[in-house]
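# Architecture at a glance
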Amino acid sequence: MIIKRISAAIVMFAALSAAYADGGEGTNGSDCRWGIGTSVTYPIASIYMAQLSYSLWSHGDVLAGYAYQHWKNDQGRSHAQTLLLGYRQFIWKGLHAEVELWPAYNPFRSSVDGKTYRGVELWMSVRAGYRFDCDVYGRELFVLAQPSVGFGVARQNRWPKMERGFNPIFEPQLIVGTRF
């Protein structure tokens with residue numbers, strides 16, 4: 001049920017964006033419609049990601065990317081191959097809101113019983129932030145400062161001593177990249 005609602009919301013965002021798409025500029029008046037960035041804060045938690053963005057119109061970007069999650073806690077270690085799918089809506093200048101889905105295949109290695117729990121899981125992040133743009137030697141660079149809240153939506157690979165439910169987690173996010 002929750003996955004259907006999330007899917008419907010993303011389809012609605014995409015449809016609205018396509019309906020208002022313009023053929024001119026990228027977001028915030030940039031001459032560039034494409035962007036690529038990487039998180040400088042996720043590696044602290046052993047998550048490595050690259051994110052590609054495309055400006056559908058002057059106020060919104062669709063997002064896609066890849067992440068490898070290799071985090072560890074007292075219950076074991078994650079080895080998640082993860083896709084990134086999302087949408088960023090600009091509200092005023094660089095101020096924006098964003099939703100991102102992280103569907104992943106995660107063979108989680110449990111330190112509780114030594115077994116590997118394989119399965120698919122879905123994580124969602126809701127962000128608000130600001131994109132700072134600058135021009136360096138003719139290249140458009142950006143920094144996205146995005147405090148966010150992430151939470152699990154669905155999980156197939158429950159391991160021993162895993163908490164029931166999906167508690168929200170604060171995710172300090174800082175992405176650096178370039179537009180082209």
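Notes on the structure in this doc start here.

Rules used in this analysis
- Residues numbered from 1 in each chain as written.
- Predicted model: local features only at pLDDT ≥ 70, side-chain atom pairs only at ≥ 80, totals over all residues.
- Heavy atoms only, no water.
- Pairing = 2+ DSSP bridges.
- Helix = DSSP H or I, 4+ residues; strand = E, 2+ residues; numbered from the N terminus.
- Axes fitted to C-alpha atoms, helices over the stretch in contact; angles between N-to-C directions.
- Phe/Tyr/Trp six-rings, centres within 6.5 Å; stacked < 30°, edge-to-face > 60°.
- Buried < 20%, exposed > 50% of the residue type's maximum accessible area, 1.4 Å probe, protein only.
- Polar contact = N/O pair within 3.5 Å; in protein donor to acceptor, adjacent residues only side chain to side chain.
- Salt bridge = Lys/Arg side-chain N within 4 Å of Asp/Glu carboxyl O.
- Contact = heavy atoms within 4.5 Å.

Here we have four strands laid out as an open sheet, ordered β4-β5-β8-β9, and antiparallel in their pairing. This sheet does not close on itself; its edge strands, each paired only once, are β4 (72–73) and β9 (116–117). Of the strand pairs in this sheet, strand β5 (residues 76–77) and strand β8 (residues 108–110) are connected by two bridges, and their pairing is antiparallel. Paired with Arg77 across the two strands is Arg109, which belongs to β8.

This next bit is on the sheet that holds strand β7 (residues 95–105). Ordered by their spatial adjacency, eight strands build a closed barrel running β1-β2-β3-β6-β7-β10-β11-β12, and the pairing between neighbours is antiparallel. The sheet shows a mean angle of 25° between the axes of neighbouring strands, taken without regard to direction. In this sheet, strand β11 (residues 139–155) lies alongside strand β10 (residues 120–136) in antiparallel orientation, the contact comprising 14 bridges. Following the sheet pairing, Leu122 is matched in β11 by Ala154.

What follows concerns the packing of aromatic side chains. Counted by the stated rule, this structure contains five aromatic pairs. Between the aromatic rings of Tyr42 and Trp102, the centroid separation amounts to 5.5 Å while the plane-to-plane angle is 90°, which identifies the pairing as edge-to-face. With Tyr42 in the loop between β1 (34–39) and β2 (47–57) and Trp102 in strand β7, this residue pair connects regions lying 60 residues apart in the sequence. Classification of Trp102 as buried rests on a relative accessible area of 4%. Their ring planes at 15° and their centres at 3.6 Å tell us that Phe108 and Trp159 sit as a pair that is stacked. With Phe108 in strand β8 and Trp159 in the loop between β11 and β12 (169–179), the pair connects residues that are 51 residues apart, well separated along the chain. Here Trp159 falls in the buried class, since its relative accessible area comes to 7%. Through pairs of rings, three or more aromatic residues link up here, namely Trp71, Phe108 and Trp159.

Inspection of the sheet shows strand β3 (residues 60–69) paired to strand β6 (residues 80–92) by ten bridges, in the antiparallel sense. When the bridges of β6 are listed, Asp61 appears paired with Arg88. Examined bridge by bridge, β6 and β7 share nine bridges and lie antiparallel to one another. Pairing of Phe90 across the sheet is with His96, part of β7. With antiparallel pairing between neighbouring strands as the criterion, β6 and β7 make up a hairpin whose turn holds two residues, including Lys93 at a positive phi of roughly 50°.

Counting through the fold element by element, Arg33 comes out in the loop between α1 (2–19) and β1. Considering only alpha carbons, one finds Arg33 and Tyr54, 21 residues apart in sequence, at a separation of 5.6 Å. In terms of polar contacts, Arg33 uses its side chain to reach the backbone carbonyl oxygen of Leu56, at 3.2 Å.

Our focus in this paragraph is the pattern of salt bridges. Summed over the entire model, instances satisfying the criterion amount to seven salt bridges. For Arg131, the salt bridge identified is with Asp133, shortest N-O distance 2.9 Å. Of the residues examined, Arg131 reaches a relative accessible area of 3% and is grouped as buried. Three or more residues are tied together by salt bridges with common partners; here these are Asp61, Arg88, Glu98, Glu100, Arg127, Arg131 and Asp133.

Let us look at the environment of Ala145. As for its placement among the helices and strands, Ala145 is situated in strand β11. Sequence-wise, Ala145 and Ala128 are 17 residues apart; in three dimensions their C-alpha atoms are separated by 8.5 Å. Discounting residues that sit within four places of it in the chain, Ala145 has contacts with Ala128, Gly129, Tyr130, Phe132, Gln173 and Leu174.

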